[in-house]
Amino acid sequence: MLVTLTVNGSLRSAEVDSAASLLTLLRTGLGLTGTKQGCGNGECGACTVLLDGEPVNSCLVFAAQCEGREVLTIEGLSESGELDSIQRAFADAGAVQCGFCTPGMIMSGKALLMRNPRPTREEIAEAISGNLCRCTGYVKIIDALEVVAKQGPVEGS
Amino acid sequence: MGQNALHPSGAVGAPVRRVDADDKVTGRARYLDDIVLPGMAHAALVFPGVPHANVRGVDDTRARSVEGFVATVTAADIPGENQVGCVDRDQPLLAGERVRYSGDAVAITVAESPTAAREAARAVALDLEELEGVFDAEKALMPDAPRVHEGDNAYLQYRVHRGDVDRGFDEADVIVERTFRTNYQEHSYLEPLGALAVPEDGGTITVYGTMQCPYYVQKAVAGVLGIPLARVRIVQTVTGGGFGGKEDVPNEICACAAVAAWRTGRPVKLVHTREEDFYRSSKRHPMVVRYKLGATRDGRFTAADITIIADAGAYSTLTPVVLFRSVAHATGPYEIPNVRTDGYGVYTNRQTTGAFRGFGQPQTIFADESVIDEIADTLGIDPIEIRLANCLAVGKRTATGQLLEESVGLPETLEVARDESGWLAKRAGESARAGSDGRAEPGGASRPRERFLRGIGVGAIYYGVSLGAKGLALDASGAHLNLYRDGSLRIAVGGTEMGQGLLTVLSQMASDVLGIPVASVHVDHVDTSVVPDSGPSVASRTTLMTGNAVIGAATKIRRTLAGVASGELGGAPDEVRFEKGRALSNGKSIGIEELAELCWVRNINTAEEGWYAAPESTFDDNGQGDAYAVYSFATQIAEVEVDSRTGEVHVLRMTAAHDVGRVLNPVTLEGQLQGGVLQGVGMALYESMKTDGGVILTPDFSTYILPTSLDTPEISCHAIEAPYSKGPFGAKGIGETPAMPGAVAIANAVAHATGMRFTELPITAEAVRLRLAQEETA
Amino acid sequence: MPIAHELEYARPETIEEALGLLEKHGSGARPLAGGTDVVPAMRDGNLTPEIVIDLKAIPGLAGFTCDAGLVRLGALTTFTDIIESAAVLEHAPLLHEMAVTVASLGVRNRATVAGNICSAVPSCDSGTILLVYDASVHVVGPGGERAIPIADWFTGPKRTALGEAEIVTSVTLPVPSDWHGGAYVKLGRYGGEDLAQASVAVLALSDGSCRVAFGAVAATPVRAPKIEALLGSADLTDALIEDAKKLVSEETSPIADIRASREYREHMLPVMLERGLRAAARRRAGGGPAYGTRHI
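As the structure is a prediction and not an experimental result, all values here were calculated from the model. (Residues numbered from 1 in each chain as written. Chains lettered and ligands numbered in written order. Predicted model: local features only at pLDDT ≥ 70, side-chain atom pairs only at ≥ 80, totals over all residues.)

1. Quick word on helix α12 (residues 262-284) of chain C
All names here are of chain C.
Here's step 1: For α12, which comprises 23 residues, the first-to-last C-alpha distance of 32 Å matches the rise-based estimate of 33 Å (1.5 Å per residue) to within 8%.
Here's step 2: The largest bend along α12 measures about 25 degrees and falls at Met268, with the proline Pro270 one to four residues further on.
Here's step 3: Within α12, 18 of the 23 residues are buried, which leaves it mostly tucked inside the rest of the structure.
Here's step 4: Where α12 ends, the next residue or the one after it, Gly286, has phi of about 95 degrees, a positive value. (Helix = DSSP H or I, 4+ residues; strand = E, 2+ residues; numbered from the N terminus. Expected span 1.5 Å × (residues − 1). Bend = angle between axes of the 7 residues up to and from the residue. Buried ≥ 20, exposed ≤ 12 C-beta atoms within 10 Å, placed from the backbone.)

2. Here's the deal with the pairing of strand β10 (residues 194-200) of chain B
Residues and elements named next belong to chain B.
Here's step 1: Across the seven residues of β10, five count as buried, placing the element largely inside the fold.
Here's step 2: Strand direction decides the pairing type here: β10 and strand β13 (residues 268-271), joined by four bridges, are antiparallel. Bridging across to β13, Ala195 finds its partner in Leu270.
Here's step 3: Pairing of β10 with strand β11 (residues 204-209), which is carried by six bridges, proceeds in the antiparallel orientation. (Pairing = 2+ DSSP bridges.)

3. Comments concerning the interface of chain B and chain C
Here's step 1: With 25 residues of chain B at the contact, the number on the chain C side is 18 residues.
Here's step 2: Among the secondary structure elements, those contributing two or more residues to the side of chain B that touches chain C are α3 (114-123) and α19 (765-777) of chain B.
Here's step 3: By residue class, the composition of the side of chain B that touches chain C is eleven nonpolar, seven polar and seven charged. (Contact = placed C-beta atoms within 7 Å. Nonpolar A, V, L, I, M, F, W, Y, C, P; charged D, E, K, R; others polar.)

4. Comments concerning the sheet that holds strand β14 (residues 222-223) of chain C
Residues and elements named next belong to chain C.
Here's step 1: Judged by pairing direction, the sheet is antiparallel, and its four strands sit side by side in the order β11-β12-β13-β14 without closing on themselves. The open sheet has two edge strands, β11 (181-187) and β14, and neither has a second partner.
Here's step 2: As defined by bridge partners, strand β13 (residues 210-215) adjoins β14 across two bridges and the pair is classed as antiparallel. Looking across to β14, one finds that Phe214 is bridged to Val222.
Here's step 3: Across the sheet, α12 touches β11, β12 (198-204) and β13, and the angle it forms with β11 is around 155 degrees. (Axes fitted to C-alpha atoms, helices over the stretch in contact; angles between N-to-C directions.)

5. Let's talk about the environment of Ile375 of chain B
Residue and element names in this part refer to chain B.
Here's step 1: Within the fold, Ile375 resides in helix α10 (residues 361-379).
Here's step 2: For the pair formed by Ile375 and Ile175, sequence separation is 200 residues and the distance between their alpha carbons is 7.4 Å.
Here's step 3: Residues contacting Ile375, with those up to four places away along its chain left out, are Val174, Val176, Leu293, Ala295 and Ile386.

6. Some remarks on the packing of helix α6 (residues 214-225) of chain B against helix α7 (residues 249-264) of chain B
Two quantities define a packed helix pair, namely the angle between the axes and the distance from one axis to the other.
Residue and element names in this part refer to chain B.
Here's step 1: Running from amino to carboxyl end, α6 crosses α7 at an angle of 40 degrees, the nearest separation of the two axes being 9 Å. One finds that α6 runs oblique with respect to α7. Judged by the sense of rotation from one axis to the other, the crossing of α6 with α7 is right-handed. Only Pro250, Asn251, Cys254, Ala255, Ala258, Val259 and Trp262 of α7 make contact with α6, whose side of the interface consists of Tyr216, Val217, Ala220, Val221, Val224 and Leu225.
Here's step 2: By residue class, the composition of the contact of α6 with α7 is twelve nonpolar, one polar and no charged. (Parallel < 35°, antiparallel > 145°, perpendicular 65-115°, else oblique. Left-handed = near helix turned anticlockwise from the far one by under 90°.)

7. Re the domain arrangement of chain C
Residues and elements named next belong to chain C.
Here's step 1: Per the domain assignment, the segments of chain C are domain 1 (8-57), domain 2 (61-174) and domain 3 (181-284).
Here's step 2: Each side of the interface is counted separately: domain 2 has 22 residues, and domain 3 has 22 residues.
Here's step 3: Listing elements by their share of the side of domain 2 that touches domain 3, those giving two or more residues are α5 (93-99), α8 (125-132) and β8 (154-156).
Here's step 4: By residue number, the principal contributor to the side of domain 2 that touches domain 3 is α8, which donates six residues. (Domains from an automatic or database assignment.)

8. Regarding the pairing of strand β18 (residues 476-483) of chain B
All names here are of chain B.
Here's step 1: When you tally the buried positions in β18, you get six out of eight residues, the bulk of the element.
Here's step 2: Inspection of the sheet shows β18 paired to strand β24 (residues 607-613) by seven bridges, in the antiparallel sense. Residue pairing across strands places Asn482 opposite Ala607, the latter belonging to β24.
Here's step 3: Bridge count between β18 and strand β19 (residues 489-493): five bridges; the pairing is antiparallel. The residue of β19 that forms the bridge with His480 is Ala492.

9. Overview of the interface of chain A and chain B
Here's step 1: Taken together, the contact between chain A and chain B spans 40 residues of the former and 40 residues of the latter.
Here's step 2: Elements represented by at least two residues in the side of chain A that touches chain B include exactly α2 (85-93), α3 (102-115), α4 (121-127) and α5 (139-151) of chain A.
Here's step 3: Among the elements that make up the side of chain A that touches chain B, the one with the highest residue count is α2 of chain A (four residues).

10. Observations regarding helix α14 (residues 502-514) of chain B
All names here are of chain B.
Here's step 1: If you check α14, its first and last C-alpha atoms are 18 Å apart, about what 13 residues at 1.5 Å a residue would give, namely 18 Å.
Here's step 2: For α14, the buried fraction is high: 13 of the 13 residues fall into the buried class.
Here's step 3: Downstream of α14 by a residue or two, Gly515 has a phi angle that is positive, lying close to 65 degrees.

11. Observations regarding the nonpolar core
Here's step 1: If you look at the biggest cluster of nonpolar residues, it comprises 422 residues, and the most contacted ones within it are Ala197, Val221, Cys256, Ala257, Ala258, Val550 and Ile746 of chain B.
Here's step 2: Here the element with the most residues in this core is helix α15 (residues 542-569) of chain B; it accounts for twelve residues. (Core = buried A, V, L, I, M, F, W, Y, C linked by C-beta atoms within 7 Å.)

12. Thoughts on unusual backbone geometry
Here's step 1: The omega torsion across Leu761 of chain B and Pro762 of chain B is -5 degrees, close enough to zero to call that bond cis.
Here's step 2: By secondary structure assignment, the location of Pro762 of chain B is in the loop between α18 (742-754) and α19.
Here's step 3: Its identity is not glycine, yet Phe729 of chain B carries a phi of approximately 60 degrees, on the positive side.
Here's step 4: Relative to the elements of secondary structure, Phe729 of chain B occurs in the loop between β29 (714-720) and α18.
Here's step 5: Phe729 of chain B sits in the buried class, given 24 other C-beta atoms within 10 Å.
Here's step 6: The backbone of Ala103 of chain C shows a phi angle near 40 degrees, a positive value even though the residue is not glycine.
Here's step 7: Tracing the backbone shows Ala103 of chain C in the loop between α5 and α6 (105-108).

13. Examining the domain arrangement of chain A
All names here are of chain A.
Here's step 1: Domain annotation for chain A reports domain 1 (2-77) and domain 2 (85-151).
Here's step 2: Taken residue by residue, the interface counts 16 residues in domain 1 and 14 residues in domain 2.
Here's step 3: Every element with two or more residues in the side of domain 1 that touches domain 2 is listed here: β3 (48-51) and β4 (54-57).
Here's step 4: Top element by residues in the side of domain 1 that touches domain 2 is β3. It accounts for three residues.

14. A word on the sheet that holds β4 of chain A
All names here are of chain A.
Here's step 1: Across the sheet, which stays open at both edges, the five strands sit in the order β2-β1-β5-β3-β4 with mixed pairing between neighbours. The sheet is open, and its two edges are formed by β2 (10-15) and β4, each paired on a single side. Taken over all neighbouring pairs, the strand axes of this sheet differ in orientation by 40 degrees on average, direction set aside.
Here's step 2: Alignment of strand β1 (residues 2-7) against β2, held across six bridges, turns out to be antiparallel. What sits directly across from Leu5, in β2, is Arg12.
Here's step 3: Lying on the sheet, α3 is in contact with β3 and β4; it crosses β3 at an angle near 35 degrees.

15. Details of the packing of α2 of chain A against α5 of chain A
Residues and elements named next belong to chain A.
Here's step 1: Look at α2 against α5: their axes get within 8 Å of each other, and the N-to-C directions meet at 135 degrees. With respect to their mutual orientation, α2 and α5 come out oblique. The chirality of how α2 crosses α5 is right-handed. Contact residues: Ser85, Ile86, Ala89, Phe90 and Ala93 in α2; Lys140, Asp143, Ala144, Val147, Val148 and Gln151 in α5.
Here's step 2: When grouped by side-chain class, the residues that make up the contact of α2 with α5 number seven nonpolar, two polar and two charged.

Structure, rendered in structure tokens:
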């Protein structure tokens, strides 16, 4: 079936199986491979994208359910080629190791900061608690998001 | 992070930003499953559904009718040898005759999509004659236990025998003996296993994959295809975590993809789902460790008698190297004159076990560090004092009789962790045992014990860096450096980046040797066609081995440049300095890019090979010898609060002090420490892959519990620098040690808080609560 | 995903259209709201519908209202909707306290209360809360509309009173108009949001009575009539609470599973009941911890 939706600000269409997930649509249908599949069951958060501004596990959303809706993926944060403030903070703070959780982690952080520009460390930890990371122990990820919060509002907030 | 002052003048030691960070934060980094090739087909594995059976037939009639079906590959289709055993040759790639565990692949299906390939795999009918299985290493030792292979289930034994153990126990005033048990721990790297095999011109094949050890994969692929190594090229893709789990298992994944590609003539991708990954990948060995330790009244250890039973699972895989390390290190980082350690590797019909950060040591560390605390308690000696009194130091000998001549920062790690954690005050007296925040049950009925119990505990460890005496034969690493005419440098190495930051620290090293900015250096992921076999990226050896190879090659280039520079500037070639992009000599300077251009104009080679071989190591029949060239040391201290009503253990704070030889990059080091600490928390409190008769009961992250951001304690990291003369800039390996002492430090803290000693991990809320209940009724 | 079988996807825009599809496909149809339970079940092969009927485009199922006296949750109401509603926090704060414990943010943004009770696993968080609020589940089918009392809703593990050709349209909770207090006590295994090993919901009413329900310790979420009768409208003294705790074993029948042993559940339930009763009573009295605070 053909699904048409707005991805990172552009209207895109892709032909997918009726059973395909939003994750499959993004990765296979549109070639946006920045969003990762770590479990396929909504348990690891690596596939987190923003659907109409809200973080969702894209592996749990049927592609068909996204007809006409708006999706923001990791590729949409730095379209101009410049890193956005969260990406820069992750890179600077050492919040990246193997990098596989990073896109989903950044999208969860983005959603938090759009909604709550001045979160506490506890609120940050809560907001990313559905995103598993096996490398960092989360400390530097929380550090990075705290740095961004202190810089002022992020785009989209 | 606290660290000793060794002030960096160049890139080494500075908090250089990761060179791969931009790719990873933008989603540009290309992991295996991100690669799509024209004409690519997809593979899936046919699982047996039972753990032990004879295979009588494979019928793919129904699979052929699945839309998009391409091919079925069985053992009979393997052109070379149906064998991927890494150390022992006991493991067929496809179980054509006999299934030995539920993750054994009987066949491979190939189709136009991953979905169709899996549907086809499910449609393959297997005719299996089920056999009785054995699912417990101790039961597998019984004479009447079903045999997993032809020989005895107890197929492997190592020992370390030193001194006179009986006399040592006679000299002891106190002896503690306990049996400890640990279960499977799953690596849970976020990127599942995967491979993409591409048949290419000239009868060659290229296999891309997520992996730690491309040269192992090269050998496995060449073997199953029956073609020479020269026709097999392995390219490591950006790798989403390893922790040991991508050491040998990628051999199997890549070989499956290769056989399927060879058979179909098409590029074939094989990517595991998370559940398949649980079934197929190796785990941390479940171990039973019987530990007996004697000490004199003043706290001097006199003898240790240790038996280790390691569940190898269905195939030997890396158990020989892992068990060697367990046995060699079983006494912990202490000088004990009389030692008898016997370790057994045992086959069962369960998931295979292999390398996992710590490599066979966290299980024995749990035993030795627990027993030491009990001895200290019995003798009324502070746990850190008793460790300081017995611990290894320069001039002391390990259990294998190895004299330590340099780079032993263990005592300092104990002292720094003690002081930074506020150990003495927190350990002292009963006041430490109740929460100081006055939290109490509302209603305040009188209670037999405080609701919240606080405790502090310690664990200390040592880790032989690199492969040691019983590693696979090759313990050397190569590098290929090419300085271009514009002064930029491209580096190819044989060691893999899996998230730990290798590409960054190698860039820093080359930058310092050649005086060029880190931004002028690019390091590639491994391509086996470029760099000679460099062994595996395991055992905390990569920074050391690959780093030395890079430094070797960079030094050759520097020598070339120095010759040209001295000709241009005057002065002796060996007095030319390289700093900030310039060569300095005779009071004058010239840019590196100008020197590189001059070389190009004058037909002077600026590409060089580096090669570094590990110092020789030895291990005789009694386990005596210089088992490893050098050791890394660490101490971690855990502070916990136990809720006596629910049994929940909250880790409040971890203090980690690690002797790393030399800090190469404080940010990436601290990140590795923090991540390792949390893996230790997971092992201590949450992680346990449960199985029943070969079925995994916890094959996903809903049932296999990993620590989340809400489970991370405060982590205080401290680097101790006891430089290693043969290490790159004095550095030693740091990959494994962060994940090693934490679990037992938590167990010791729980013992301090509750007075109860746990001999099994994980220490779940349930385990604590039920023990407390037993005590309350007793 | 991948979901390895042929599947039709339908997105009806009216309830009538949805019911028509359900009737046509019978047991081969699976209604879908957030999909957070349906997708994994399909992925594991435990659910193999020939058609999924996405209810998200049906206007009549969306929205929720929250007035003094009645909370109405449209079938598409997500846990995030509940968490973010100030009205819920004011009128039915126990719903809020439950919703924050469900899964992770990405799941809460999709998962619905109606879907949660349709999946009907014994540990479902919504179940105990709806039980103590005496909620009704409103369904519509070929025979028209009907309201099913929540007490009759759960018929077994993953089984409900919903007919094959019916869909849930809303859930209503009569909420006490005067001051009341509640507590949801959920036992997880770690700091991250977990499925409940056991859960207790308590609603303490202004007349002094308490309603109590347990989750994950019987085939379905269950009310605890004996405990409620014992507590009556009496003051929650230490002695009374101790007596109530002794009745827990008569109200529940926990089993061992991969998450916890029977023994641990039996140990924890009285502790959880006590915490729930005390917190609910303090909240009823105008004090106590803010809703959403963990009790364990």
